[in-house]
Amino acid sequence: MKIMARKRKRDWQIVNYSYDITSATVPEAAFVVARRMSDLWGLLCDEHQRVRTLINDQTAEDDRKKMWAEFNVFAREAVKASGLNWVNGPEVLDRFTKACVAVAKDSTRGWPSRGRFRVSLTHRWTGGGSDIATITSRQTNRLRISGNILCEPKWLEKRETLRSGEGSGVFEVDGKTGECIAFRFYIHRPMPSNAILKAARWTGKYTPSFGWKWRLTMTVEIPPTGEEREPSGKRCAIDLGWRKRPHGIRYAYLVDSDDASRELVLSTDFSTSSTRRSRRAITDPNWLHPPTSHDELRDWMEMRDRNLEEVKAKLRTLLSPLPDGFVKMRRGGLWKLMNELPDGEAKSVIAAWHEPDTRLMKVQARQQERMARCRDDQYRKMAVTIAKAYDEVRIDAAGLKQMIDDDKKDPALKAADRNRDIAAPGLFAQHLKNACKKYGAKCIVVEPNKTTATCSVCGAAIAPGPSLVLRCENGHAMDQDENACRVMLSQTWAALERKPRLRKKAERSVEAITENCENPDEVAVTRSP
């Protein structure tokens, strides 16, 4: 049955489907639009900074309101004069406004500023959206896709991903001239055929390792299935962090109401049968195999650093005087120096180092991206498993941001910080929030109220520390992350249930914590009490 587009309702889920582009022919018109958007963003940043410098503690409230009202008028006029269409112009202003509001809510964020040049082109379907099937029609102009990108909802419910092969399409850049972007991509995730298309965004960023990387993101609205979730009667508590374990990095610990517990561990070894066969076949000690684990990746980066220092040591004997900032120069600085030097031995030394280092850098970037994709896939699947199994999920993650930014860390905690970028517990919290919303589970973020410093057996105090197992005053010893989960399920929440005001304060949405922990990447060490 065809679903007609209609105005937004709260009971319909909004989902973003993103696809990495394998190949694309991007016309110059796309970069022209992107430069106009970048210039508009920079103009808004400069004017906003000028207004902020004029306002001080002595400025009267009425004068402040007048100056910000004048800025709003300036911003709207700048959008009109930018030459952008009715979608991309207001899109820049909307992003700028959201960035300013985020700073007002969290003063640790920086004000919007001029950033790196990126491409972001948007199409919107008004009037409630359009039937998703229109993107496969030959009559559409803004976005047209060929391939098995649509799938019946009943098949998508059985599997999170259904590989449908390769697809192709066009994305309109300029409706007046008819210039379009032709692209090909791999359909790793089909969309439900009853969805409503709300917007499509073509984004791209330039990386030294891979050049321009393009992505197509479609925002769709999915109608409810009409089937209610069967309650399991179970609830669980999850403690996030980044703790190094013998078989990987623990990014969370889970304890449920049935007294079952397990640690959620991210493996640091991402080798495959193909890479293992390759290493067995090639035994040459001088052969550089691509890194397949985070330890090998660290060794790879250290090798590149040693090569860089060797080149700089040679240049110290060849250049006199040394250029400004030579001590802190990295790869980019040496590349600029090579282009400025006249032909000679110093330039040849940098050129002989730069070409093999470029190959090493591309291998490193490719493996880092692959490891991040594997981690993201594991987190998404684990989040879905938890959301389907439990009616209520409690996360003790509100202290992650404070723990990351704490300048008075214990030395053991500082040593474990290198695991944070690997584990990214905040990313898992975001996936868990999305999964709970999709499958009807209740997700609650718990304020860290001495969950580690209170014994879950007797309620006695526990002296916090970096050790995995902590002991209370009465001699009860337990894994500190497991203890925190049990406290959330028993004593702490029993008290909160008796005090509705405290409970209401504690039951904040996971969105708040994941906003504060944009990229908290490493497995849990010790949470502050």
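The structure reproduced in this document is the subject of the present report. Bear in mind the structure is a predicted one, so any value in this text is a computation, not a measurement.

Section: the packing of aromatic side chains
Logical step 1: Per the stated rule, a full pass over the model turns up 16 aromatic pairs.
Logical step 2: Aromatic pair phenylalanine 31 and tryptophan 214: ring centres 6.1 Å apart, planes at 70°, arrangement edge-to-face. Within this pair, whereas phenylalanine 31 is found in helix α1 (residues 28-54), its partner tryptophan 214 is found in strand β10 (residues 211-222), the two being separated by 183 residues in sequence. Each of the two residues, phenylalanine 31 as well as tryptophan 214, counts as buried.

A look at the sheet that holds strand β12 (residues 248-256)
Logical step 1: On the basis of which strands lie adjacent, the open sheet formed by five strands has the order β13-β12-β11-β14-β15 and mixed pairing. Each end of this open sheet is capped by a strand with a single partner; those strands are β13 (261-266) and β15 (442-445). The mean angle between the axes of side-by-side strands here comes to 25°, regardless of whether they run parallel or antiparallel.
Logical step 2: Both strand β11 (residues 235-245) and strand β14 (residues 392-396) contribute to a ladder of five bridges, which runs parallel. Across the sheet, the residue bridging to alanine 237 is arginine 394, located in β14.
Logical step 3: Set on the sheet, helix α8 (residues 345-389) makes contact with β11, β12, β13 and β14; between it and β13 the angle comes to about 160°.

Considerations on helix α7 (residues 331-340)
Logical step 1: Those residues of α7 that sit buried are Arg331, Leu334, Leu337 and Met338. The arc enclosing the buried residues of α7, seen along the axis, measures out at 125°, which places them on a common side. Across α7 from its buried face, at more than 90 degrees, point the exposed residues Lys336 and Glu340.

Details of empty space enclosed by the protein
Logical step 1: As enumerated under the stated definition, the model contains two cavities of 30 Å³ or more in all.
Logical step 2: Of the voids in this model, the largest cavity is the one considered here, and its volume is about 60 Å³.
Logical step 3: Contributing to the lining of the largest cavity are Thr452, Cys455, Val457, Ile462, Leu470, His476, Ala477, Met478, Gln480 and Asn483.

Quick notes on the layout of surface pockets
Logical step 1: Reported here for the second largest pocket is a volume of approximately 420 Å³.
Logical step 2: What lines the second largest pocket is a set of 22 residues, among which Val33, Asn85, Val173, Asp174 and Gly175 lie closest to the centre.
Logical step 3: Of all the secondary-structure elements, those providing two or more residues to the lining of the second largest pocket are α1, β2 (118-124) and β6 (166-174).

What about the pairing of β10?
Successive side chains on a regular strand alternate, one facing one side of the sheet and the next facing the other.
Logical step 1: Across the twelve residues that make up β10, a large majority, nine, are buried.
Logical step 2: Pairing of strand β9 (residues 196-207) with β10, which is carried by eleven bridges, proceeds in the antiparallel orientation. Residue pairing across strands places alanine 200 opposite methionine 218, the latter belonging to β10.
Logical step 3: Adjacent in sequence and paired antiparallel, β9 and β10 are bridged by three residues.

Rules behind the numbers
Residues numbered from 1 in each chain as written. Predicted model: local features only at pLDDT ≥ 70, side-chain atom pairs only at ≥ 80, totals over all residues. Heavy atoms only, no water. Phe/Tyr/Trp six-rings, centres within 6.5 Å; stacked < 30°, edge-to-face > 60°. Helix = DSSP H or I, 4+ residues; strand = E, 2+ residues; numbered from the N terminus. Buried < 20%, exposed > 50% of the residue type's maximum accessible area, 1.4 Å probe, protein only. Pairing = 2+ DSSP bridges. Axes fitted to C-alpha atoms, helices over the stretch in contact; angles between N-to-C directions. Contact = heavy atoms within 4.5 Å. Arc of directions from axis to C-beta. 1 Å grid on protein atoms, 1.4 Å probe; cavity = no way out; pocket = protein on both sides within 12 Å on 5 of 7 lines; lining within 4 Å. Points joined across faces, edges and corners; volume = space filled by probe spheres on them.

Shape descriptors only; they carry no functional weight alone.
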